[in-house]
Amino acid sequence: MDNDTHTRATTPLTGRTALVAGATRGAGRALAVELGRAGATVYVTGRTTRERLSEVGRTTETIEESAELVTAAGGTGIAVPTDHLEEDQVRALVSRIDRDHGRLDVLVNDLWGGEHLTAGSVFGKKSWETPLADGLRILELGVRSHVITAALALPLLIRSDAPLHVEVTDGTARSNRRYRENLYYDLAKNAPIRIAFGLGQELAEYGGTAVAVTPGFLRSEQMLAHFGVTERNWRDAVAREPHFAVAESPHYLARGVAALAADPDRSARWNGRSVSSADLAEAYGVTDVDGSRPDAWAYFEDVWYGGKDASPDDYR
């Protein structure tokens, strides 16, 4: 195998430019890292920096650290502090990518940051019991930010010879056919699915692909902190929450998306669709960091809702 062939096989995204909007932590950070591992130059954005804290309130993850992890993985990570609800900041970000590269090949919309609102204001409450300001903020964070970013970055994305737009949400179209407990949360998590569906129609003439992706039960930094565990000892939380046994690391989804980004046939396979980390793992043969292939959405469908007598380990 010559060097060029080896490079294409191990870093198939070499020469490609990606933007991961919302890459401070969780799935966004892992997506940036795995795209970098595949060779891409990755612009990582978010609101928490080493000098400034966002409303999420976590100082333990920053976009600078995310960019450093991208570079350490073999890509080129570039941190750009950006509030994606501020049009001027997003325009400046897109202009910078344009100046530096002249195009954008992969756009990942992983914008959220609303967990601090869901526990106290959403879950267990009727929509009219949710403080209106909190409900509207959820829609700002989970819907408006996605629309602003897509609207301003898509003109740069369609310059690519194979544009890829990825919407990250919670749940597939199938799993989200059930009401997601609260009107605001339901809207916020279904909107990205429709965005991907609609943009799939619009990008088709440019040879592009739009897809909505979701992790399963995600072992994000915030979820691990909630249970008082780390990635190293995460199974200690299963005693408190048995369903956590089907949880997955952020890299599981990220590996699947990186494989999708390198797939020359991705448009025919995925355009306009809503898929899970498990769907991508099955299609591309990727695994989670422990070598397993968890399918949390199948587990919840069969066991939580369906009453099947099965163990989370049966879905790993």
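Notes on the structure in this doc start here. Small disclaimer: the values here were computed from a predicted structure and weren't measured. (Residues numbered from 1 in each chain as written. Predicted model: local features only at pLDDT ≥ 70, side-chain atom pairs only at ≥ 80, totals over all residues. Heavy atoms only, no water.)

### Things to note about helix α4 (residues 87-101)
Taking 1.5 Å of rise per residue, the 15 residues of α4 would be expected to cover 21 Å, and the 21 Å separating its terminal C-alpha atoms lies within 8% of that figure. Within α4, the full set of buried residues consists of Val90, Leu93, Val94 and Ile97. Viewed end-on, α4 has its buried residues packed into an arc of 95°, placing them on one side of the element. Away from its buried face by more than 90 degrees, α4 exposes Asp88 and Arg99. For α4, the elements touching its buried residues are β1 (17-21), β2 (41-46), β3 (76-81) and α6 (132-157). Positive phi appears at Gly102, one or two residues downstream of α4, with a value of about 80°. (Helix = DSSP H or I, 4+ residues; strand = E, 2+ residues; numbered from the N terminus. Expected span 1.5 Å × (residues − 1). Buried < 20%, exposed > 50% of the residue type's maximum accessible area, 1.4 Å probe, protein only. Arc of directions from axis to C-beta. Contact = heavy atoms within 4.5 Å.)

### Overview of the pattern of salt bridges
Within the structure shown, the criterion is met by 22 salt bridges. The residue Glu140 makes a salt bridge to Arg144 at a minimum N-O spacing of 3.8 Å. Taken as a pair, Glu140 and Arg144 lie in helix α6 at a separation of 4 residues, close to a single helical turn. The salt bridge partner of Asp170 is Arg180, with a shortest N-O separation of 2.7 Å. Of the two residues, Asp170 sits in the loop between β5 (164-168) and α7 (183-203) while Arg180 sits in the loop between β5 and α7, which places them 10 residues apart along the sequence. Judged by its relative accessible area of 18%, Asp170 falls in the buried class. What emerges from the salt-bridge pattern is a single network uniting Arg47, Glu55, Arg137, Glu140 and Arg144. (Salt bridge = Lys/Arg side-chain N within 4 Å of Asp/Glu carboxyl O.)

### Quick word on the nonpolar core
Counting 34 residues, the largest nonpolar core has Leu35, Val42, Val108, Val166, Val211, Val213 and Leu280 as the members making the most contacts within it. Elements with a contribution of two residues or more to this core: β1, α2 (26-37), β2, α3 (63-72), β4 (106-109), β5, β6 (209-214) and α9 (250-261). Those residues within four positions of Leu280 in sequence are excluded, and the remaining contacts are Val213, Leu253, Gly256, Val257, Leu260, Trp270, Val275, Gly285 and Val286. (Core = buried A, V, L, I, M, F, W, Y, C linked by side-chain atoms within 4.5 Å.)

### Points about helix α11 (residues 277-284)
Residues of α11 that are buried include every one of Ser277, Ala278, Leu280 and Ala281, and no others. One side of α11 holds all its buried residues, which, seen down the axis, span an arc of 160°. In this fold, the buried residues of α11 make contact with β6, α9, α10 (266-270) and β7 (274-276). Positive phi shows up at Gly285, right after α11, with a value of about 75°.

### Examining unusual backbone geometry
At Glu181, a position not held by glycine, the phi torsion is positive, near 80°. Tracing the backbone through its elements, the reader meets Glu181 in the loop between β5 and α7.

### As for the side chain of His243
Within the fold, His243 resides in the loop between α8 (221-227) and α9. The contacts of His243, once residues within four sequence positions are left out, are Phe217, Tyr299, Phe300 and Trp304.

### Some words on the environment of Thr17
Residue position: Thr17 is located in strand β1. Judged by its relative accessible area of 3%, Thr17 falls in the buried class. Placed 18 residues apart in sequence, Thr17 and Leu35 show a C-alpha to C-alpha distance of 9.4 Å. Among the polar contacts made by the side chain of Thr17, one reaches the side chain of His101 at a distance of 3.5 Å. (Polar contact = N/O pair within 3.5 Å; in protein donor to acceptor, adjacent residues only side chain to side chain.)

### Focus: the sheet that holds β6
One open sheet accounts for 7 strands, arranged β3-β2-β1-β4-β5-β6-β7; its pairing is parallel. Of all strands in the sheet, those bounded by a partner on one side alone are β3 and β7. The mean inter-strand angle of the sheet, taken between neighbouring strand axes irrespective of direction, is 20°. Relative to β6, β5 is paired through 5 bridges, and the arrangement is parallel. Paired with His165 across the bridge in β6 is Ala210. Relative to β1, α2 is tilted by about 170°, and along the sheet it contacts β1, β2, β4 and β5. (Pairing = 2+ DSSP bridges. Axes fitted to C-alpha atoms, helices over the stretch in contact; angles between N-to-C directions.)

As far as function goes, none of this settles anything; it's purely spatial.
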